[in-house]
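Given next are the chains, with one letter for each unit.
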Amino acid sequence: MTGGWPRRIAAALLIAIAAFALAGPALIGLDPAQQDLGRTLMPPGGGDLLGTDNLGRSLLARLAQAAQISFLLALLSVSSAAIAGISTGLAAAWWGGWMERILVALADMMLAIPGLLLVFLLIAFAPGEVWLIYAAISLTLWIEYFRVVRATTRPILAGSEVQAARLLGFGATYIIRRHVLPEVAPLLLTLMAYGAATTVLAVASLGYINVGIHPPTAELGQMMSEYFPYYRAAPWLIAAPITLLATSLLCLALLASGDKPQ
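Report follows, based on the coordinates. None of these values were measured; they are calculated from a predicted model. (Residues numbered from 1 in each chain as written. Predicted model: local features only at pLDDT ≥ 70, side-chain atom pairs only at ≥ 80, totals over all residues. Heavy atoms only, no water.)

1. Considering the environment of Trp-236
Phase 1: When you line up the elements, Trp-236 lands in helix α9 (residues 235–256).
Phase 2: Considering only alpha carbons, one finds Trp-236 and Gly-51, 185 residues apart in sequence, at a separation of 8.1 Å.
Phase 3: Sequence-distant contacts of Trp-236, that is, excluding residues within four places in its chain, are made with Leu-41, Met-42, Pro-43, Pro-44, Leu-50, Gly-51, Thr-52 and Leu-59. (Helix = DSSP H or I, 4+ residues; strand = E, 2+ residues; numbered from the N terminus. Contact = heavy atoms within 4.5 Å.)

Encoded structure:
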């Protein structure tokens, strides 16, 4: 496999970031919203590993909470979009006819609206609500799963192996498990990695322009926006969320760029 070591390193880094996101807040034992105005803009080291921000809050605790939110939203959004997209793609390819036409028309209609614009339209109803951000991002991601699964499954179902399986009396569950999923699985894993990166970046973008998750909850994009005015006095503040976001996106991109099936 070409590019094996970069992908292994990316996977190890991503696992470490995910572990920090999931277990970090509990292990650190600090409240990311707790302020101490007597210890503002403290440099890394001493009592706080990464220092404190402009309100005296632990940067490490806030970074752990921000990473947790980004990864959980990515996991939920990708899972929901994959389930919806794979199910509708298989249904369209299997039954065809009016069902396929309706699903294709629905996907084309949603594809005509830019994904970020759709997210903005939905979160306008309740700015800062995590569940609405999750729903909006999921709605923009499922289309790719639907299109890829539908396009890949149709020639497989028309192949001689599937036709023979049908003549022998095998049902849809066996055919999909035995003939369809092994062919589409590598493509789906690539889509999931890209979808996770898209979600993490979208959440950070919304937070940076102050229409995403609201304070005092920590979020990477919101932290960048909040700490930007202090980039000269305390450069570690803006560097921490940027480094975490860039590393996460790079790792996901490397995982998504694996060898494609021949």
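Now that the structure is up, let's keep going.
2. Here we look at the pattern of salt bridges
Phase 1: Summed over the entire model, instances satisfying the criterion amount to 6 salt bridges.
Phase 2: For the salt bridge of Arg-57 with Asp-53, the shortest nitrogen-to-oxygen distance reads 2.8 Å. The two residues Arg-57 and Asp-53 agree in class, both being buried.
Phase 3: Glu-100 is paired through a salt bridge with Arg-150; the nearest N and O atoms lie 2.8 Å apart. Of the two residues, Glu-100 is situated in helix α3 (residues 97–111) and Arg-150 in helix α5 (residues 130–157); the sequence distance between them amounts to 50 residues.
Phase 4: A relative accessible area of 10% places Glu-100 in the buried class.
Phase 5: Residues participating in the shared-partner salt-bridge network are Asp-53, Arg-57, Arg-62 and Glu-226. (Salt bridge = Lys/Arg side-chain N within 4 Å of Asp/Glu carboxyl O. Buried < 20%, exposed > 50% of the residue type's maximum accessible area, 1.4 Å probe, protein only.)

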